[in-house]
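# Coordinate analysis (summary)
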Amino acid sequence: MLTCHQVAAGATDYMEGAAPPLRRLGVWAHLRICPNCREYLRQLSRSIGLARRALVAAPAAEVEDALAAIFAAHGQGAAE
Ligand SMILES: [Zn+2]
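Quick summary incoming for the structure in this document. Since the structure is predicted, the reported quantities are computational estimates derived from the model, not experimental observations. (Residues numbered from 1 in each chain as written. Predicted model: local features only at pLDDT ≥ 70, side-chain atom pairs only at ≥ 80, totals over all residues. Heavy atoms only, no water.)

## Description of the packing of helix α3 (residues 21-33) against helix α4 (residues 35-56)
Between α3 and α4, whose axes approach to 6 Å, the crossing angle comes to 115°. As far as their axial angle goes, α4 and α3 are roughly perpendicular. For the pair α3 and α4, contact is made by H30, L31, R32 and I33 and by P35, C37, R38 and L41, respectively. For the contact of α3 with α4, the per-class residue count stands at five nonpolar, one polar and two charged. (Axes fitted to C-alpha atoms, helices over the stretch in contact; angles between N-to-C directions. Helix = DSSP H or I, 4+ residues; strand = E, 2+ residues; numbered from the N terminus. Parallel < 35°, antiparallel > 145°, perpendicular 65-115°, else oblique. Contact = heavy atoms within 4.5 Å. Nonpolar A, V, L, I, M, F, W, Y, C, P; charged D, E, K, R; others polar.)

Right under this line is the structure:
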């Protein structure tokens, strides 16, 4: 039986399907009996999803406008 530490150490490979079959089976069996690791993987999966969305999402138009205004004001201030 895998330990919680072993499950945590290989969690990313398990979630991405990159773990070898026997390791996947070991993680699966561990998750059946360990609510802490189930919660850890749930939170890790959620964090990865949020990070991916943050990397893909373009800045809102309001943010672009605000940055353009700041850069324009900074540029005007430096020229004076
Ligand atoms: Zn565990």
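## Remarks on the coordination of the zinc ion
Only C4 (SG), H30 (NE2), C34 (SG) and C37 (SG) from the protein reach the zinc ion as donors, at distances of 2.0 to 2.3 Å. Here the donor residues of the zinc ion are spaced in sequence according to C-x25-H-x3-C-x2-C. Of the two residues, C34 and C37, both sit in the buried class. (Donors = N, O, S within 2.8 Å, 3.2 Å for Na, K, Ca; no water. Buried < 20%, exposed > 50% of the residue type's maximum accessible area, 1.4 Å probe, protein only.)

Structural measurements only, silent on function.
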